Amino acid sequence: MRIYTIILTMMLVPALTFASCNNVVENGRGINKISNPPDSSIVKILGDTIADVIFNPKKVSAYKLKKVFDTVALKAGDCENFVKDSLLQILKPETYGALDFVLLSDTANYKLDSVKIRSQYYPLLEFEFQKKKECVKVRISTNDYCWTIIRDNKVISRFNYYDKKLVERLCNLFL
């Protein structure tokens, strides 16, 4: 009886290990190979086009931002007083997974808080999501705990993020 238990265990362990390794499935959607599809409430808030670009991008770039006071730089095509200072990195699927988990897929981050933080909006990071000809930007401001979605150089929406420490750790990952 003991021999049968040992043989059965030796056969099941590799089979279960192989089955668990096949949970990550290539979906052909670009960089988003690990995360789940967005919640329907998030798609309703963002709209189909923006949600498709953010959650199924072909390329995501992270930039450090700087504030400008020059009107010539502002005419170059920025909707706020911030322009890209330097390219920090082009995100890999693992790094995109962290951004998706901490900020994008959490429905608590899509709420507008009734309490306004009395601090200046000063975004440090910008993530540029690209899919075909579409481009959507997400800016994170750690001063007033909000993040902004920009499309075609227009602010689409600005939300307060829920977990401040997690977002600060995410920003420190890139800065």
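Residues numbered from 1 in each chain as written. Predicted model: local features only at pLDDT ≥ 70, side-chain atom pairs only at ≥ 80, totals over all residues. Heavy atoms only, no water.

Participant: Can you walk me through the sheet that holds strand E4 (residues 134-141) in this structure?
Facilitator: Each strand in a sheet pairs with another by means of backbone hydrogen bonds, the pair being arranged parallel or else antiparallel. Taken in spatial order, the six strands make up an open sheet running E2-E1-E3-E4-E5-E6, and their pairing is antiparallel. Strands at the two margins of the open sheet, each flanked by one partner only, are strand E2 (82-90) and strand E6 (154-160). The mean inter-strand angle of the sheet, taken between neighbouring strand axes irrespective of direction, is 25°. Relative to E4, strand E3 (residues 123-131) runs antiparallel, the two sharing eight bridges. By the bridge assignment, proline 123 is partnered in E4 with serine 141. Its contacts with the sheet put helix H3 (residues 48-55) on E3, E4, strand E5 (146-151) and E6, and the angle it makes with E4 is roughly 75°. (Pairing = 2+ DSSP bridges. Helix = DSSP H or I, 4+ residues; strand = E, 2+ residues; numbered from the N terminus. Axes fitted to C-alpha atoms, helices over the stretch in contact; angles between N-to-C directions. Contact = heavy atoms within 4.5 Å.)

Participant: Mind showing me how you'd approach the confidence of the model for the protein chain here?
Facilitator: In regions of low pLDDT, the predicted coordinates are not meant to be interpreted in detail. With 71% of its residues at a pLDDT of at least 70, the protein chain reaches an overall mean of 79. Here residues 18-28 is a poorly scored stretch, pLDDT under 50, and it has six contacts once near neighbours within four places are set aside; other chains count. (pLDDT = per-residue confidence, 0-100.)

Participant: Help me understand the nonpolar core, please; the structure alone is not making it clear to me.
Facilitator: Nonpolar side chains tend to gather and get buried jointly when the protein is soluble and globular. In this structure, Leu46, Ile54, Phe127, Phe129 and Trp147 are the most contacted members of the largest nonpolar core, which totals 30 residues. Looking at this core, the elements that each hand over two or more residues are helix H2 (40-46), H3, strand E1 (59-67), helix H5 (93-104), E3, E4, E5 and helix H6 (164-174). Residues contacting phenylalanine 127, with those up to four places away along its chain left out, are Val60, Ser61, Ala62, Leu91, Leu99, Val136, Lys137, Val138, Ile140 and Phe174. (Core = buried A, V, L, I, M, F, W, Y, C linked by side-chain atoms within 4.5 Å. Buried < 20%, exposed > 50% of the residue type's maximum accessible area, 1.4 Å probe, protein only.)

Participant: Sorry if this is basic, but what is going on with the packing of aromatic side chains here?
Facilitator: Geometry of an aromatic ring pair is reported as the spacing of the ring centres plus the angle between the planes. In total, this model carries eight aromatic pairs according to the counting rule given. Between the aromatic rings of tyrosine 110 and tryptophan 147, the centroid separation amounts to 5.2 Å while the plane-to-plane angle is 80°, which identifies the pairing as edge-to-face. Of the two residues, tyrosine 110 is situated in the loop between H5 and E3 and tryptophan 147 in strand E5; the sequence distance between them amounts to 37 residues. Neither residue differs from the other here; tyrosine 110 and tryptophan 147 are each classed as buried. Relative to phenylalanine 174, the ring of phenylalanine 127 lies with its centre 5.0 Å away and its plane at 75°, an arrangement referred to as edge-to-face. (Phe/Tyr/Trp six-rings, centres within 6.5 Å; stacked < 30°, edge-to-face > 60°.)

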